Amino acid sequence: MKLNELTIKEAKGGLKSKKFSSVELTKACLEQIKKHNKDLNAFITVTEKEALDSARKADDLASQDQVLEAKSLLGIPIALKDLFSTKGIKTTAASNVLKDYIPQYDAAVVKKIKDAGAIIIGKTNCDAWAHGSSGENSDFGPTKNPWDKEYVPGGSSSGSAVSVASDMCIASTGTDTGGSIRLPASFNNVVGLKPTYGRVSRYGIIAMASSLDSIGHFTKTVEDSALFFNVTAGQDKMDATTLPNPVEDFTKDLNKGIKGLKIGIPKEFVTSDLDNEAKEKFEETVKTFANLGAEIIEISLPYTEYGIAAYYIIQPSEVSSNLARYDGIRYGNDRSYFGDEAKRRIMLGTFTLSSGYYDAYYKKAMAVRTLIIKDFNDAFQKVDALISPVCPTLPWKLGEKINDPIKMYMSDVLTVTANLAGIPGLSLPIGFIDGLPVGMQILGPQLSEVKLFQIGYAYEQATQWRKQKPAL
Ligand code: GLN
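Rules of the game
- Residues numbered from 1 in each chain as written.
- Predicted model: local features only at pLDDT ≥ 70, side-chain atom pairs only at ≥ 80, totals over all residues.
- Heavy atoms only, no water.
- Near = heavy atom within 4 Å.
- Polar contact = N/O pair within 3.5 Å; in protein donor to acceptor, adjacent residues only side chain to side chain.
- Areas by Shrake-Rupley, 256 points an atom, 1.4 Å probe, with all protein chains shown as cover.
- Phe/Tyr/Trp six-rings, centres within 6.5 Å; stacked < 30°, edge-to-face > 60°.
- Helix = DSSP H or I, 4+ residues; strand = E, 2+ residues; numbered from the N terminus.
- Buried < 20%, exposed > 50% of the residue type's maximum accessible area, 1.4 Å probe, protein only.
- Lys NZ or Arg CZ within 6 Å of the ring centre and 35° of its normal.
- Patch = residues over 30% accessible without salt bridge, like charges linked within 9 Å, V, L, I, M, F, W, Y side chains within 5 Å.
- Salt bridge = Lys/Arg side-chain N within 4 Å of Asp/Glu carboxyl O.
- Lys, Arg positive; Asp, Glu negative; His and termini not counted.
- Charge placed at Lys NZ, Arg CZ, Asp CG, Glu CD.
- Axes fitted to C-alpha atoms, helices over the stretch in contact; angles between N-to-C directions.
- Parallel < 35°, antiparallel > 145°, perpendicular 65-115°, else oblique.
- Contact = heavy atoms within 4.5 Å.
- Nonpolar A, V, L, I, M, F, W, Y, C, P; charged D, E, K, R; others polar.

Chemist: Go over the site of the ligand with me, naming the residues and quoting the values.
Modeler: Taken together, 16 residues lie around the ligand, and Thr 177, Gly 178, Ser 180, Tyr 311 and Arg 345 are the ones closest in. One of the backbone N or O atoms of Ala 130 is found 2.9 Å from a nitrogen atom in the ligand. Measuring from an oxygen atom of the ligand, one finds a backbone N or O atom of Gly 178 at 2.7 Å. When the ligand sits alone it has 290 Å² of accessible area, and the protein chains cover 100% of it.

Shown next as structure tokens:
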């Protein structure tokens, strides 16, 4: 196995036993980026020099056992979505507005990842401002799906998912405002975590829609996802919406199995609108859960059908407010640098917040949001977690939906309700259709990440889809 193909867990083991150094591991990832980034366009910026410098430092530190214990990501190459502010390193949000912007500080979560000893290998491509489901809204060109380069990799965290799927790094970060981690994870055969709203600090992450944004990551396994979350979760005084709950060891229940757990299938998520083959794959998955001893229960979330409408009012309203700061005064490059999708959302959001329309749209959408939260609360009285498909369709061809925003928005129909309710979701591989990956999401009540990892791990151990790699 090549070093860049390792998981966090495996890489930690190899570094600890001195089988290889962080410099060797980092070079293997950089090599892979050099070979394939031209085709895949997963990275906007590769920080080769900084990465090798930190890898050398990590190797020095690794000679002290107590440092290895304390720094849980020591020497591990991680890629960051280009929405994460990095001190001294260009941070573009994949938009021409910020094409030359160099932050003065690290986002809180970047600081945590660096303090844990990780090597920042580069900044990944995404839909500009995280607006999109396909990765095609980037001002730096679309990212390609490594499983078939004619297909979209999913968005908005397109490059983050692709960099992990194609072994250009060991893990990466992303943001999920309406599905932007879970959807690309499912299109790339990798694991994506969208944490509970407020579990990870948003300080220093370029804001999309502040009441929906959650900061998560992509990994090659469920165990890695839990290990990574041990580093990023926790309260931050710079983000007043972060939760005060103490951070537990998220790996603690991985081996518990799922015998006797109640798993709900939301019937409104598995309808005739779902691609037939994707539906069959999902049904196979449900059988695996039953074979593992879970009790399968059909659940109704009646307000699901209003999810997209509520999301596409609340989200642009917040977007229009957050993007108002890019007026050319503080960051240079005035509003003419915005792409079509950002302009569309600014106009929509300004309209839904304007006097006379606020009550008719924004306020009504907020009332629907409360009903969606209630749907989930009622469901979690009956079951421990829900499982569902992530996207109603398989990955589509580049260009197929880009001129039809409504069609594009509809690909978020199964993911946005979790953001409206602030609950966590774990997306993981459940197989392939015609060579393209399919995923599922496990949703739980707020702060149920330990349980999601427990359930995801049991399924992953029983199936091993993750071991399949794209032929690059
Ligand atoms: N696809 C959704 C949108 O375009 C979600 C984006 C996201 O989660 N950042 O709004």
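Chemist: Go over the packing of aromatic side chains, please, and point to the residues and values.
Modeler: Under the definition given, this model contains 20 aromatic pairs. With centroids separated by 5.3 Å and ring planes inclined at 80 degrees, the aromatic side chains of Tyr 101 and Tyr 331 adopt a geometry described as edge-to-face. Of the two residues, Tyr 101 sits in the loop between strand E2 (77-81) and helix H5 (108-115) while Tyr 331 sits in the loop between helix H10 (307-322) and helix H11 (340-353), which places them 230 residues apart along the sequence. Between Tyr 358 and Tyr 362, the ring centres sit 5.4 Å apart and the planes meet at 35 degrees, which makes this aromatic pair tilted. On the accessibility criterion, Tyr 358 (35% relative accessible area) is partly exposed. By way of ring pairs, the aromatic residues Tyr 101, Trp 129, Tyr 326, Tyr 331 and Phe 338 are connected into one cluster. Of note, Lys 401 hangs over the ring of Trp 396, and the distance from its end group to the ring centre comes to 3.7 Å.

Chemist: Before we move on, can you summarise a negative patch on the surface with the specific residues and values?
Modeler: Taken together, Glu 277, Glu 280, Glu 283 and Asp 434 make up a surface patch of like negative charges. Inspection of the secondary structure assignment puts Glu 277 in helix H9 (residues 276-291).

Chemist: Help me get a handle on the packing of H9 against helix H15 (residues 449-463), residues and values and all.
Modeler: It is at 10 Å that the axes of H9 and H15 come closest, and there the two elements cross at 100 degrees. With respect to H15, the element H9 is oriented roughly perpendicular. The segment H9 lies against H15, with Thr 285, Thr 288 and Phe 289 engaging Ile 455, Tyr 459, Ala 462 and Thr 463. Looking at the contact of H9 with H15, its residues break down into four nonpolar, three polar and no charged.

Chemist: Could you give an account of the side chain of Thr 177, with specific residues and numbers?
Modeler: Of note, Thr 177 is situated in the loop between strand E4 (171-176) and helix H7 (182-188). There is a polar contact of 2.6 Å between the side chain of Thr 177 and the side chain of Asp 213. Those residues in contact with Thr 177 that lie beyond four places of it in its chain are Met 208, Ala 209, Leu 212, Asp 213, Tyr 311 and Asn 419.

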